[in-house]
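Observations on the model geometry
As a plain string of letters, each chain reads:
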Amino acid sequence: MKMSKLFVQTLREFPSDAEVVSHKMLARAGYIRKLTSGVYNFLPLMWRVLKKVETIVREEMDAAGAQELLMPFVQPKELWEESGRWDAYGKELMRLKDRHDRVMCLGPTHEEVITAIARDGLKSYKQMPVNLYQIQSKFRDEVRPRYGLLRGREFIMKDAYSFDVDEAGLDKEYENMARAYKRIFDRCGLATKMVQSDSGAIGGSVSHEFMVITDTDAGENDVFYCDNCDYSANSNHAVSKLPEAVVDGKEYFTQTKVMDTPNTHSIEELSAFLNIPSTLILKSLVYIVDKKPVIALIRADKAVEETKLMNAVGGIDIRIASSAEIAELMANHGFDAVPGFIGPKGMDDIQIIADETVRDMKNFVVGINETDKHLVGANLEDFGIKDLKYADIRLVQRGEFCPECGRPLLVTRGIEVGNIFKLGTKYSKPMNAVYTDVDGKTKPFVMGCYGIGISRTAAAAVEAHYDEHGIKWPISIAPYHVTIVPVNILDELQMKIANELYEKLQNAGVEVVIDDRDERAGVKFKDADLIGFPYRITVGKTINEGLVEFKTRETGDIEKITPEKAAEKMIEIVKNIK
Ligand code: ATP
Ligand code: MG
């Protein structure tokens, strides 16, 4: 490819709406152009990268025994009603009507469609196991599309679905996919951590995410891990052992009584006012789960993890209650307390979930739905809560200990590039997707599903490989392997050598761009660094001594070698791409 012909426009500045490195770099280097919020054009350079990621994914999925197919992007409502997800899936599901008023949606994922395919096609245990996958654009009307390709509304995903006759078969395929994923991300030049995670709206019992670790904003997930043993988990799922804490307030409060606690709206204010550790305070928080209020109780030095709470309630949507909703809840129960003084008292018709930290608490301090007052020396039995449910709803925090080996947990941030789920019969049962087993009985398929964000993976590779000058693509997914830069296109010898090299490399299957533009060398070098060609061969004045410059983008190393040597070296590098 000639640079003068390549469809790419690099920008002088980063776009003003770009917050993270990959968005900034990909936009400025001319890979992507925004069409509308969360929707991007993949320009030729980007498309080459995406196709390479796709090829790696295809090769490894095929090698792992999966078969590729392609399902429609638009799906009918009826199918989603069968699985029960039409109502359950939130606003991310883009719903629309056709000219006959039939209701459809844009595919955010394809469990329903694939389950219907299996229902029609897999009749006997003899046909299993099967793993079917596709690579396709998905649409999700994300609340906060941001970070460019990392969280778009339209994005490219690989989604695979496995069908087995039993759990043992699923377990085996799950391991098989985990190994394939490791190879895929390794080949893309990405170090990933496989972490335990919540199964979220897709449901199922076990799931893992593949995280690219990055301590920047681009990592939307907190990952807790132990460097002594293998434990690692997304914060929405992580558990820990707690350091010892004061849980019995006997020496502070010998009797149960109401105390005036004026203006103690926060835990800090309350523990300072009473001169007690915060571990003696029971914190009561109001959430709205699936439109209904829920009260969460937790030891006040700890925080609630919303996904865990949502799962404990069995809901699919959660948010913290607004002050207006809290006021309404109070009014409905004959109270008028402001936040800071809320408690489980008199809330019998509301679902109350207590964190495991609450179990041991005795003679503690708690709000009683009266502003400027708290009950001290209190115990949960005092409130006669009928349906009290205990669950682990606690957010793990730095300084807590590994649940497996007891060493301190570390925390970092991660970009989720892929995930694997054991779905079990979550879709096959409600959709009546069954096969006839060896014993002649009909049974629902045991399913797994396995996703990889193709476009997110490409962006994550930029997050992991860049410097202040631009992108440093891993060669396996770079749009081109090398750029040849003749410093002065009017210099005959320089152009002759550059063109000879260009042809030689091209004939050897090396993907090469020759920068034949009539620009200053500085401009060409800047663009080469920004675009992120893994190698640059510069043909400049030293050609008079028979030498070119061979630069490695990753390390910045420059070697002066003969054009023949440079070509050999480049061909060898490309031959060794995994
Ligand atoms: P997230 O928690 O980041 O929203 P998810 O749990 O919704 O991800 P899945 O539904 O399992 O993800 O989708 C599979 C893969 O698709 C993810 O691992 C991720 O790589 C990618 N993906 C999901 N949502 C987006 C998005 N909005 N933009 C780009 N890629 C996405
Ligand atoms: Mg999502």
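Values in this document were obtained by computation on a predicted structure and should not be read as measured data.

About the cut-offs
Residues numbered from 1 in each chain as written. Chains lettered and ligands numbered in written order. Predicted model: local features only at pLDDT ≥ 70, side-chain atom pairs only at ≥ 80, totals over all residues. Heavy atoms only, no water. Axes fitted to C-alpha atoms, helices over the stretch in contact; angles between N-to-C directions. Helix = DSSP H or I, 4+ residues; strand = E, 2+ residues; numbered from the N terminus. Parallel < 35°, antiparallel > 145°, perpendicular 65-115°, else oblique. Contact = heavy atoms within 4.5 Å. Left-handed = near helix turned anticlockwise from the far one by under 90°. Nonpolar A, V, L, I, M, F, W, Y, C, P; charged D, E, K, R; others polar. Salt bridge = Lys/Arg side-chain N within 4 Å of Asp/Glu carboxyl O. Buried < 20%, exposed > 50% of the residue type's maximum accessible area, 1.4 Å probe, protein only. Near = heavy atom within 4 Å. Polar contact = N/O pair within 3.5 Å; in protein donor to acceptor, adjacent residues only side chain to side chain.

Where helix 1 (residues 21-28) contacts helix 10 (residues 454-464), the two axes come as close as 8 Å, and the packing angle between them is 100 degrees. In terms of axis orientation, helix 1 runs roughly perpendicular to helix 10. From helix 1, Val21, Ser22, Met25 and Leu26 reach across to helix 10, where they touch Ala459, Val462 and Glu463.

What follows concerns the packing of helix 2 (residues 44-63) against helix 10. Relative orientation of the contacting elements helix 2 and helix 10 amounts to 110 degrees, with a least axis distance of 9 Å. Regarding the angle of helix 2 to helix 10, the classification is roughly perpendicular. Relative to helix 10, helix 2 is oriented so that their crossing is right-handed. Residues Met46, Val49, Leu50, Val53, Glu54 and Val57 of helix 2 form the contact with helix 10, whose own contacting residues are Ile454, Ser455, Thr457 and Ala458. For the contact of helix 2 with helix 10, the residue count by class is seven nonpolar, two polar and one charged.

This next bit is on the pattern of salt bridges. Counted by the stated rule, this structure contains 40 salt bridges. Measuring nitrogen to oxygen at the nearest pair gives 2.7 Å for the salt bridge that ties Arg553 to Asp467. Of this pair, Arg553 sits in the loop between strand 30 (548-552) and strand 31 (558-561) while Asp467 sits in strand 25 (residues 466-467), placing them 86 residues apart in sequence. We note that Arg553, like Asp467, is buried.

The next point concerns the site of ligand 1. Neighbouring ligand 1 are 15 residues; Arg140, Arg151, Gly152, Glu416 and Asn419 lie closest to it. A distance of 2.7 Å is found between an oxygen atom of ligand 1 and a side-chain nitrogen or oxygen belonging to Arg151. Interatomic distance of 2.9 Å between a side-chain N/O atom of Arg456 and an oxygen atom of ligand 1. Along the lines of polarity and charge, the residues of the shell around ligand 1 split into six nonpolar, four polar and five charged.

Now for helix 8 (residues 306-313). Structurally, the α-helix is built with 3.6 residues per turn, so residues lying three or four positions apart point the same way. Along helix 8, the positions that sit buried rather than exposed are Thr307, Lys308, Leu309, Met310 and Ala312. For helix 8, the elements touching its buried residues are strand 14 (281-289), strand 15 (292-299), strand 16 (318-320), strand 17 (351-355) and strand 20 (389-391). Its side-chain oxygen at 2.9 Å from the backbone nitrogen of Thr307, Glu305 defines the N-terminal cap of helix 8. Downstream of helix 8 by a residue or two, Gly314 has a phi angle that is positive, lying close to 85 degrees.

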